[in-house]
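Here is how the chains run, residue by residue.
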Amino acid sequence: YGGMGLDFSYNIAVAEELGNIRCGGIPMAIGVQTGMATPALTRFGSDELKKQFLVPTIAGDFVACLGVSEAGAGSDVANIKTTAVRKGDEYVINGGKMWITSGSQADWMCLLANTSEGPPHQNKSLICLPMNLPGIHVAKKIDKLGMRSSDTAQIFFEDVRVPCKNLIGEEGNGFTYQMLQFQEERLWGVASALTPMETVIQETIDYTRQRKVFGRPVLHNQTVHFRLAELATEVELLRSLLHRAVALYVEGNDVTKFASMAKLKAGRLTREVADSCLQFWGGMGFTSEVFVSRLYRDMRLMSIGGGSDETMLSIICKYMDILPRK
């Protein structure tokens, strides 16, 4: 369908390289296009759907967005309320989505909606939803702490009619498809964070080497150079975990546990690196002129988007068989 037919490890290589862009919003927008809104369509969509939505998305002619989160259901995907009721050969969609990256400019949405009254893990479906249909209201572009170059929208649906043939795969399998999609999203997110952390550590080294306090470079304080060595070590450990998870994934293994561990660690480590390095920049670190302050704002999302730290911990506990049963 216009792609190069490469395995998922190449996606990760691209994600790492995109980390050279000096903001989080642009890599995130590309990641939504390649690793969040399209994997389910690629895997389970009909040839007709792929030609209509996937081909122009790969070509860059269409912008895609992922419609999962709602005001009352972020990491708790099973609790979404948006409905798609089958009437004849159409679905009628009602509800709304929140925090939708690229939502105000998207040409289509990979929408997760309830298509029946069944159990919450078996009543959901993914639907390719053109964003120019009557009844779709982009309420507002959300003003955010970080990722400020990325448009994030709140969207409402009022009796939106879409053909039933726009269903991705089988009805009722949407939750399962989305969980598979999440693994690629989380691994992409981890990969995209590695290079920015390396960059900010190196820039902090350069700055503290030339910045003098009490007559000597800040870097010469043991607490500073030891801390930077610790952070660099943590980044390399995260990279190793990511590459192990990706290698297993390419071989066809379930990497949910490792992907969740990597996502958890990435969220916490980006905060740790940004906070520690910003401190060594002193007053300059609190300005908008330096990369470290932007990393501090942009990467805070890593512990929230794509599943919160607490959700990652619950998944890890489940795979360790230590999560209390209901």
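Everything numeric here is computed off the predicted structure, so don't read it as measured data.

Helix and strand counts for the chain come out as nine helices and ten strands. Relative to the compact-globule value of 20 Å for 326 residues, the chain shows a C-alpha radius of gyration of 21 Å, a close match. Along the three orthogonal principal directions, the C-alpha set of the chain runs to about 80 × 40 × 40 Å. A buried classification covers 50% of the 326 residues belonging to the chain. At a minimum sequence separation of 6, the contacts of the chain that also span at least 24 residues come to 75%. For the chain, the exposed surface amounts to about 15,600 Å²; the carbon and sulfur share of it is 54%. Treating the 34 positive side-chain charges of the chain as one cloud and the 35 negative ones as another, the clouds have centres 5 Å apart.

Attention now goes to the environment of Met261. Mapping Met261 onto the fold places it in helix H7 (residues 256–281). With 126 residues separating them along the chain, Met261 and Gly135 place their C-alpha atoms 40 Å apart. Here Met261 is in contact with Leu241 and Ile316, once residues within four sequence places are set aside.

With that settled, the discussion passes to the UniProt feature "domain: Acyl-CoA dehydrogenase/oxidase N-terminal" (unreviewed entry) in the chain. As annotated by UniProt and renumbered to match this structure, "domain: Acyl-CoA dehydrogenase/oxidase N-terminal" (unreviewed entry) occupies residues 1–61. When the span residues 1–61 is considered, its composition is 69% helix and 0% strand, and the gap between its end C-alpha atoms is 14 Å.

Next up on the list: the packing of aromatic side chains. Applying the stated rule across the entire model yields four aromatic pairs. Ring plane angle 50 degrees and centroid distance 5.3 Å describe the contact between Phe53 and Trp108, whose orientation is recorded as tilted. With Phe53 in helix H4 (residues 47–59) and Trp108 in strand S4 (residues 108–114), this residue pair connects regions lying 55 residues apart in the sequence. In terms of burial, Phe53 and Trp108 fall into one category: buried. Between the aromatic rings of Tyr207 and Trp281, the centroid separation amounts to 4.1 Å while the plane-to-plane angle is 5 degrees, which identifies the pairing as stacked. One end of the pair, Tyr207, is in helix H5 (residues 174–210); the other, Trp281, is in helix H7, with 74 residues separating them in the sequence.

Moving on to the domain arrangement of the chain. You can read the domains of the chain as domain 1 (37–171) and domain 2 (176–320). Using only C-alpha atoms to locate each centre, domain 1 and domain 2 end up separated by 30 Å. Listed by partner, the interface residues are 20 residues for domain 1 and 16 residues for domain 2. Roughly 1,400 Å² of surface becomes buried between domain 1 and domain 2 when both sides are summed, with 61% attributable to carbon and sulfur atoms.

Let's shift gears to H5. Helix length check: H5, at 37 residues, gives a terminal C-alpha distance of 54 Å against a target of 54 Å (1.5 Å per residue), a fit within 8%. Taken across its 37 residues, H5 has 27 buried, putting it largely inside the fold.

On to the UniProt feature "domain: Acyl-CoA oxidase/dehydrogenase middle" (unreviewed entry) in the chain. Under the present numbering, the feature "domain: Acyl-CoA oxidase/dehydrogenase middle" (unreviewed entry) in UniProt falls on residues 65–160. As annotated, residues 65–160 has a helix share of 0% and a strand share of 51%, and its two end C-alpha atoms lie 17 Å apart.

Okay, the pattern of salt bridges next. All told, the structure shown has 17 salt bridges when counted by the stated rule. The closest approach of N and O atoms between Glu48 and Lys165, which form a salt bridge, is 3.5 Å. One end of the pair, Glu48, is in helix H4; the other, Lys165, is in the loop between strand S7 (152–163) and strand S8 (167–168), with 117 residues separating them in the sequence. Salt-bridge contacts for Glu230 lead to Arg227; the nearest nitrogen and oxygen are separated by 3.2 Å. Pair noted here: Glu230 and Arg227 are both in helix H6 (residues 222–250), with a separation of three residues, about one helical turn. Connected through salt bridges with shared partners, the residues Glu16, Glu198, Glu236 and Arg239 form a single ionic network.

Our focus in this paragraph is the packing of helix H2 (residues 25–36) against H5. If you want to describe how two helices pack, look at the angle between their axes and the distance between the axes. Where H2 meets H5, the closest approach of the two axes is 9 Å, and the angle between their N-to-C directions is 150 degrees. Between H2 and H5, the angle is such that the two are roughly antiparallel. Of the two elements, H2 crosses H5, and the hand of that crossing is right-handed. Between H2 and H5, the residues in contact are Pro27, Ile30, Gly31, Thr34, Gly35 and Met36 and Gln181, Glu184, Glu185 and Trp188, respectively. Tallied by class, the residues present in the contact of H2 with H5 amount to four nonpolar, four polar and two charged.

Conventions we followed
- Residues numbered from 1 in each chain as written.
- Predicted model: local features only at pLDDT ≥ 70, side-chain atom pairs only at ≥ 80, totals over all residues.
- Heavy atoms only, no water.
- Helix = DSSP H or I, 4+ residues; strand = E, 2+ residues; numbered from the N terminus.
- Rg over C-alpha atoms; globule rule 2.2 N^0.38 Å.
- Buried < 20%, exposed > 50% of the residue type's maximum accessible area, 1.4 Å probe, protein only.
- Contact = heavy atoms within 4.5 Å.
- Areas by Shrake-Rupley, 256 points an atom, 1.4 Å probe, with all protein chains shown as cover.
- Lys, Arg positive; Asp, Glu negative; His and termini not counted.
- Charge placed at Lys NZ, Arg CZ, Asp CG, Glu CD.
- UniProt positions renumbered as here; feature names shortened; annotations may be inferred.
- Phe/Tyr/Trp six-rings, centres within 6.5 Å; stacked < 30°, edge-to-face > 60°.
- Domains from an automatic or database assignment.
- Buried area = accessible area lost by both parts, 1.4 Å probe.
- Expected span 1.5 Å × (residues − 1).
- Salt bridge = Lys/Arg side-chain N within 4 Å of Asp/Glu carboxyl O.
- Axes fitted to C-alpha atoms, helices over the stretch in contact; angles between N-to-C directions.
- Parallel < 35°, antiparallel > 145°, perpendicular 65-115°, else oblique.
- Left-handed = near helix turned anticlockwise from the far one by under 90°.
- Nonpolar A, V, L, I, M, F, W, Y, C, P; charged D, E, K, R; others polar.

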